[in-house]
Number of protein chains: 2
Amino acid sequence: MGASNLTLHSQKQKDIAAVAKVLAHPARVAIIQYISSQDACICGDIVDKIGLSQPTISQHLQVIRSAGLIKGSFEGKSICYCIDVVRFKELQNIFNNFFNTTAANCC
Amino acid sequence: MGASNLTLHSQKQKDIAAVAKVLAHPARVAIIQYISSQDACICGDIVDKIGLSQPTISQHLQVIRSAGLIKGSFEGKSICYCIDVVRFKELQNIFNNFFNTTAANCC
DNA sequence: ATATGATATTGCAATATTACGATAATACTA
DNA sequence: TAGTATTATCGTAATATTGCAATATCATAT
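Right, let's walk through the structure included here. (Residues numbered from 1 in each chain as written. Chains lettered and ligands numbered in written order. Predicted model: local features only at pLDDT ≥ 70, side-chain atom pairs only at ≥ 80, totals over all residues. Heavy atoms only, no water.)

Here we take up helix 2 (residues 26-37) of chain A. Residue and element names in this part refer to chain A. With 12 residues, helix 2 extends 16 Å from end C-alpha to end C-alpha; this agrees with the ideal 16 Å at 1.5 Å per step. The buried count for helix 2 comes to 10 of 12 residues, which makes it a mostly enclosed element. All of the buried residues in helix 2 are Pro 26, Ala 27, Arg 28, Val 29, Ala 30, Ile 31, Ile 32, Tyr 34, Ile 35 and Ser 36. (Helix = DSSP H or I, 4+ residues; strand = E, 2+ residues; numbered from the N terminus. Expected span 1.5 Å × (residues − 1). Buried < 20%, exposed > 50% of the residue type's maximum accessible area, 1.4 Å probe, protein only.)

Put into structure tokens, the structure is as follows:
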């Protein structure tokens, strides 16, 4: 097949995987970092900055937004994408929790 | 196309994405958690535990091992997979560094 | 050396992801 | 309201990922 079995893994495991998937592409990492680096919510120039086509960037933005990491709001003609701090901390906690509860007991 | 442009993103961004990719599948998360939950390096029963076929598990183990998260050593007839603590902390740091340096400056 | 149990590799099919051009939708401006 | 700039969606092609059956490899034990 190739499709993931939906019943095999716990919800927590699926959550971790889903969050990781968002960061699993350098373009999305770059987009998130770029958005966070701007003092104002400049967004239209993400396309120029990252170097991918406008539709591709838009697609990546959807993925990031679906995970709740950013939120967009209209700012004149363009859209202002910003980090959702609350959700961002939440994801950091999910990762930290995973790393902290996963220790080595042997070797 | 569908292939990532190799020159667009920084090495750091690619590193983060590569690490995230390992955790971007619930089966791999489950495998890592299972390995870490055993006091001894029991490994052959990962297949029974996770519920995927032996080749599939082997494939996932390769991905995890390539990232350096686990290391395997022969233990009798079977192979003992254990968490590589040093590398594990390293990855946690990569993530934390990403999250901590990515703040919201607007909205 | 051979048999055995355990893990890895190969080959292949199904699905998902990534990317872009063309086009549509949206919000503002004149 | 028509025009313009900006972002989203659609359609499609290329590549990657996921999964398993069949087979090969490897380390031990006999």
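Still more ground to cover, so stick around.
This part is about the relation of the copies chain B and chain A. One chain copy maps onto the other through a rotation about an axis and a shift parallel to that axis. After a rotation of 180° and a shift along the axis of 0.0 Å, chain B superposes on chain A with an RMSD of 0.0 Å. Read as a symmetry element, the transformation amounts to a two-fold axis. Across chain B, the rotation axis passes nearest the C-alpha of Ala20(B), at a separation of 2.5 Å. Of all interface residues in chain B, 100% are interface residues in chain A too; the two copies therefore contact each other through one and the same surface. (Least-squares fit on C-alpha atoms with pLDDT ≥ 70 in both. Contact = heavy atoms within 4.5 Å.)

The final tally for this structure, using the stated rule, is nine aromatic pairs over all chains. Ring-pair connections join several aromatic residues into one group, and the members of that group are Phe88(A), Phe95(A), Phe98(A), Phe99(A), Phe88(B), Phe95(B), Phe98(B) and Phe99(B). (Phe/Tyr/Trp six-rings, centres within 6.5 Å; stacked < 30°, edge-to-face > 60°.)

Quick look at the interface of chain B and chain A now. On the side of chain A, 46 residues touch chain B, which itself brings 46 residues to the contact. If you look at where chain B meets chain A, you find zero salt bridges. Linking chain B with chain A are seven residue pairs in polar contact (both at pLDDT 80 or more). Listed by contribution, the elements that provide at least two residues to the side of chain B that touches chain A are helix 1 (11-23), helix 2 (26-37), strand 2 (78-83) and helix 5 (85-101) of chain B. (Salt bridge = Lys/Arg side-chain N within 4 Å of Asp/Glu carboxyl O. Polar contact = N/O pair within 3.5 Å; in protein donor to acceptor, adjacent residues only side chain to side chain.)

A separate point is the packing of helix 1 of chain B against helix 5 of chain B. Residue and element names in this part refer to chain B. Packing of helix 1 against helix 5 brings their axes to within 10 Å, and their N-to-C directions diverge by 120°. Taken together, the axes of helix 1 and helix 5 lie oblique to each other. The way helix 1 lies across helix 5 gives a crossing that is left-handed. Across the interface between the two elements, Lys 12, Ile 16, Val 19, Ala 20 and Leu 23 from helix 1 touch Leu 91, Ile 94, Phe 95, Asn 97 and Phe 98 from helix 5. Here the contact of helix 1 with helix 5 is built from residues that sort into eight nonpolar, one polar and one charged. (Axes fitted to C-alpha atoms, helices over the stretch in contact; angles between N-to-C directions. Parallel < 35°, antiparallel > 145°, perpendicular 65-115°, else oblique. Left-handed = near helix turned anticlockwise from the far one by under 90°. Nonpolar A, V, L, I, M, F, W, Y, C, P; charged D, E, K, R; others polar.)

A word on the nonpolar core. Residues Ile46(A), Phe95(A), Ile46(B) and Phe95(B) are the most contacted members of the largest nonpolar core, which totals 60 residues. Apart from the residues within four sequence positions on either side, Phe95(A) is in contact with Val19(A), Ala20(A), Leu23(A), Leu23(B), Phe95(B) and Phe99(B). (Core = buried A, V, L, I, M, F, W, Y, C linked by side-chain atoms within 4.5 Å.)

All names here are of chain B. Pairing of strand 1 (residues 70-75) with strand 2, which is carried by six bridges, proceeds in the antiparallel orientation. Directly across from Ile 70, in strand 2, lies its bridge partner Ile 83. Taking the residues that link successive antiparallel strands as the turn, the strand 1-strand 2 hairpin has two residues, and the phi of Gly 76 there is positive, at about 70°. (Pairing = 2+ DSSP bridges.)

Turning our eyes to something else, we now look at the environment of Gln13(B). Its place among the elements puts Gln13(B) in helix 1. By relative accessible area, Gln13(B) is classed as buried at 13%. The sequence separation of Gln13(B) and Phe98(B) amounts to 85 residues, and the corresponding C-alpha distance is 9.3 Å. Not counting the four nearest positions on each side in its chain, Gln13(B) is found in contact with Pro26(A), Val29(A), Ala30(A) and Gln33(A).

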